[in-house]
Amino acid sequence: MPIDLHDLRGAVLNVSFRTEELKNVCTRIEEAQSQFGPHAAAELHELLAEAESFLTTDELIDFRDGEFLEGDSLSFSFGSHYRAAFKAVGENLPRADNGSVAWGQVRRIMLIEISQ
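About the criteria used
- Residues numbered from 1 in each chain as written.
- Predicted model: local features only at pLDDT ≥ 70, side-chain atom pairs only at ≥ 80, totals over all residues.
- Heavy atoms only, no water.
- Helix = DSSP H or I, 4+ residues; strand = E, 2+ residues; numbered from the N terminus.
- Rg over C-alpha atoms; globule rule 2.2 N^0.38 Å.
- Buried < 20%, exposed > 50% of the residue type's maximum accessible area, 1.4 Å probe, protein only.
- Axes fitted to C-alpha atoms, helices over the stretch in contact; angles between N-to-C directions.
- Parallel < 35°, antiparallel > 145°, perpendicular 65-115°, else oblique.
- Left-handed = near helix turned anticlockwise from the far one by under 90°.
- Contact = heavy atoms within 4.5 Å.
- Nonpolar A, V, L, I, M, F, W, Y, C, P; charged D, E, K, R; others polar.
- Pairing = 2+ DSSP bridges.
- Phe/Tyr/Trp six-rings, centres within 6.5 Å; stacked < 30°, edge-to-face > 60°.

Engineer: So what exactly am I meant to see when it comes to the overall build of the protein chain here?
Structural biologist: Counting its regular elements, the protein chain contains four helices and five strands. Its C-alpha atoms give the protein chain a radius of gyration of 15 Å, within 12% of the compact-globule value 13 Å for 116 residues. Expressed along its principal axes, the backbone C-alpha trace of the protein chain runs to roughly 45 × 35 × 25 Å. Per-residue burial for the protein chain yields a buried fraction of 39% across its 116 residues.

The structure is reproduced here in structure tokens:
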């Protein structure tokens, strides 16, 4: 049975932010540019836009070559030397048979850190 695209309206990966400062940098291009420079700021905003265009975290990982961190976290590079770390969000995270996070079912992530 084909998927009706109208059923998926609003069914995209949800990205939240650990702090107000991270939210401001990620939602205000001027703040991102002053902190990371114009090129890296544009790449950060592109990463977040891409994230919100997918249905699951697994799709973003495949598209962006995400790097798995400990437990329920992963990171993506942007700019020439920055990394954005995300954590799966939810009380009962979906798990694969081996106990790892089933990223193909994760629909909510939180940006927890940006580092060099």
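Engineer: Looking at this structure, how should I read the packing of helix α2 (residues 29–36) against helix α3 (residues 38–51)?
Structural biologist: How two helices pack is summed up by the angle between their axes together with the distance between the axes. Orientation of α2 relative to α3, taken along the N-to-C sense of each, is 130°, at an axis distance of 7 Å. What the angle tells us is that α2 and α3 run oblique. The chirality of how α2 crosses α3 is right-handed. Of α3, the residues touching α2 (which contributes Ile29, Ala32, Gln33 and Phe36) are Pro38, Ala40, Ala41, Ala42, Leu44 and His45. Its residues placed into classes, the contact of α2 with α3 shows eight nonpolar, two polar and no charged.

Engineer: Would you mind going over the sheet that holds strand β5 (residues 108–115) with me for this structure?
Structural biologist: As summarised here, the arrangement of the five strands in space is β1-β5-β4-β3-β2, forming an open sheet in which the pairing is mixed. Edge positions in the sheet fall to β1 (14–17) and β2 (67–68), since each has one partner strand and no second. Inspection of the sheet shows strand β3 (residues 73–78) paired to strand β4 (residues 82–88) by six bridges, in the antiparallel sense. In the sheet register, Ser73 faces β4, and the bridge partner there is Lys87.

Engineer: Would you mind going over the environment of Pro94 with me for this structure?
Structural biologist: Examined against the element boundaries, Pro94 turns out to sit in the loop between β4 and β5. Those residues in contact with Pro94 that sit more than four places away from it in its chain are Ser100, Val101, Ala102, Gln105 and Val106.

Engineer: What is the right way to read the packing of aromatic side chains from this model?
Structural biologist: Each aromatic ring pair is characterised by the separation of its centres together with the angle its planes make. Evaluation of the coordinates by the stated rule reveals six aromatic pairs. Residues Phe36 and Phe78 carry aromatic rings whose centres are separated by 5.7 Å and whose planes lie at 90° to one another, so their mutual orientation is edge-to-face. Of this pair, Phe36 sits in helix α2 while Phe78 sits in strand β3, placing them 42 residues apart in sequence. Assessed through its relative accessible area of 12%, Phe36 is described here as buried. On the basis of relative accessibility, which here comes to 1%, the residue Phe78 falls in the buried class. Relative to Tyr82, the ring of Phe36 has its centre 4.8 Å away and its plane inclined at 75°; by these criteria the two rings are edge-to-face. Residue Phe36 is found in helix α2, and its partner Tyr82 is found in strand β4; the two are separated by 46 residues along the sequence. An aromatic cluster is present here, built from Phe36, Phe78 and Tyr82 joined pairwise through their rings.

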